[in-house]
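Structural overview
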Amino acid sequence: MTSTAYKHFIAASAHLHRLVRAQLVGDDGLPHAPTQILGAARLAGLLMFRGFRVDSSALAPGMRMLSDEARHGGLRLRDALFATLRQLGHPLGPDDLDPHCMTPALSRLAFVEVHERLTPSTLAYLEHSPMGVRNAALAAAAACAGLVHDHAAALPAHQAAALACCGFEEGLTTVPWPLRPAQLVATRGWAATAHIRTMS
């Protein structure tokens, strides 16, 4: 990765970290650790899915679809997660994960709600960035690691990372929902401004 590409990667990761912290909150405005961590991971998986060489136009949104690309994409997302966690002082690997936490039931938001809160703004942001969706997926995985670190007091890292891997798998094997034009229009201006602020 060139220095310019790395700069865009770091900026995207920081942007997505802030987006999740702002959008995935409860009615009381407070964050819920499992919901934010799983949400960022689901976003990473959905973005990676959008980079697959598959025509999903004839597939029902929300349907699960296993593929070799999903398996390879999952390995890349895990690598990004663990690499970032190591940089943040959490030297974890696949053998350290708590399997009891690999469940979406820990989230307070359904998958489609996470998609509706995060995907439109993310795609609008990418319109102003040279980054493709696959690298954006890796940036989302790095942002997820940041959230694991942020919430370590509420959810130990070995449990949070397991939850993240569950979210990766969900996103990688779920046909993305279509975006309504109003969703993109409502978020495009904000995302562009956020991108310029992030890159300064």
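Within every chain, residues take consecutive numbers counted from 1 along the sequence as written. Given that the model is predicted, a residue must reach a pLDDT of at least 70 before its local features are reported, and side-chain atom pairs must reach 80 or more before they are shown or counted; all residues, however, enter totals for whole chains, interfaces and linings. In computing side-chain properties, one takes all heavy atoms of the structure into account and sets aside hydrogens as well as water.

Within the secondary structure, Thr122 sits in helix H4 (residues 111-126). Every residue in contact with Thr122, bar those within four places of it in the chain, is listed here: Leu16, Leu19, Leu43 and Leu47. The helix count covers DSSP runs of H or I at least four residues long, the strand count covers runs of E at least two residues long, and both are numbered beginning at the N terminus. Working rule for contacts: check all heavy atoms of both residues, and any pair within 4.5 Å makes them a contact.

Here we come to the packing of aromatic side chains. Stacked, edge-to-face and tilted labels apply to pairs of Phe, Tyr and Trp rings (six-membered ring for Trp) whose centres lie within 6.5 Å, assigned for plane angles under 30 degrees, over 60, and everything in between, in that order. For the structure shown, the criterion picks out two aromatic pairs. Arranged with centres 5.3 Å apart and planes meeting at 75 degrees, the rings of Phe111 and Trp177 form a pair that is edge-to-face. With Phe111 in helix H4 and Trp177 in the loop between helix H6 (157-172) and helix H7 (181-199), this residue pair connects regions lying 66 residues apart in the sequence. Burial here depends on accessible area, computed with a 1.4 Å probe over protein chains only, as a share of the maximum for the residue type. Under 20% is buried, over 50% is exposed, and the range in between is partly exposed. Here Phe111 falls in the buried class, since its relative accessible area comes to 10%. On the basis of relative accessibility, which here comes to 18%, the residue Trp177 falls in the buried class.

Turning our eyes to something else, we now look at the environment of Phe9. Along the chain, Phe9 falls in helix H1 (residues 3-23). When its relative accessible area of 13% is taken as the criterion, Phe9 is described as buried. Sequence spacing of Phe9 and Met131 is 122 residues, and the spatial spacing of their C-alpha atoms is 7.6 Å. Not counting the four nearest positions on each side in its chain, Phe9 is found in contact with Met1, Met131, Asn135, Leu138, Ala139 and Ala142.

Let us now look at the nonpolar core. The term nonpolar core refers to a set of buried residues drawn from Ala, Val, Leu, Ile, Met, Phe, Trp, Tyr and Cys, joined through side-chain atoms within 4.5 Å. Among the nonpolar cores identified, the biggest contains 58 residues, and Ile37, Leu47, Leu77, Leu81, Leu85 and Phe168 are the most heavily contacted of them. When contributions to this core are tallied by element, the ones reaching two or more residues are H1, helix H2 (33-50), helix H3 (68-87), H4, helix H5 (133-150) and H6. No other element matches H5, which puts 12 residues into this core. Sequence-distant contacts of Ile37, that is, excluding residues within four places in its chain, are made with Cys144, Leu147, Val148, His151, Leu155, Ala160, Leu163 and Ala164.

Tracing the backbone through its elements, the reader meets Glu113 in helix H4. Classification of Glu113 by relative accessible area gives partly exposed; the value is 32%. Polar contact criterion, stated in full: a pair of N or O atoms within 3.5 Å, where within protein one must be able to donate a hydrogen and the other to accept it, and residues adjacent in sequence count only if both atoms are side-chain atoms. A polar side-chain atom of Glu113 sits 2.8 Å from the main-chain amide nitrogen of Ala110.

It is worth spelling out the confidence of the model for the protein at this point. Per-residue pLDDT for the protein averages 89, and the proportion of residues at 70 or more is 90%. Predictor confidence is given residue by residue as pLDDT, running from a minimum of 0 to a maximum of 100. Here H7 is the element of the protein with the lowest mean pLDDT, 43, and H6 is the one with the highest, 98. Scored below 50 in pLDDT, residues 183-200 makes 28 contacts in the model with residues more than four places away or belonging to other chains.

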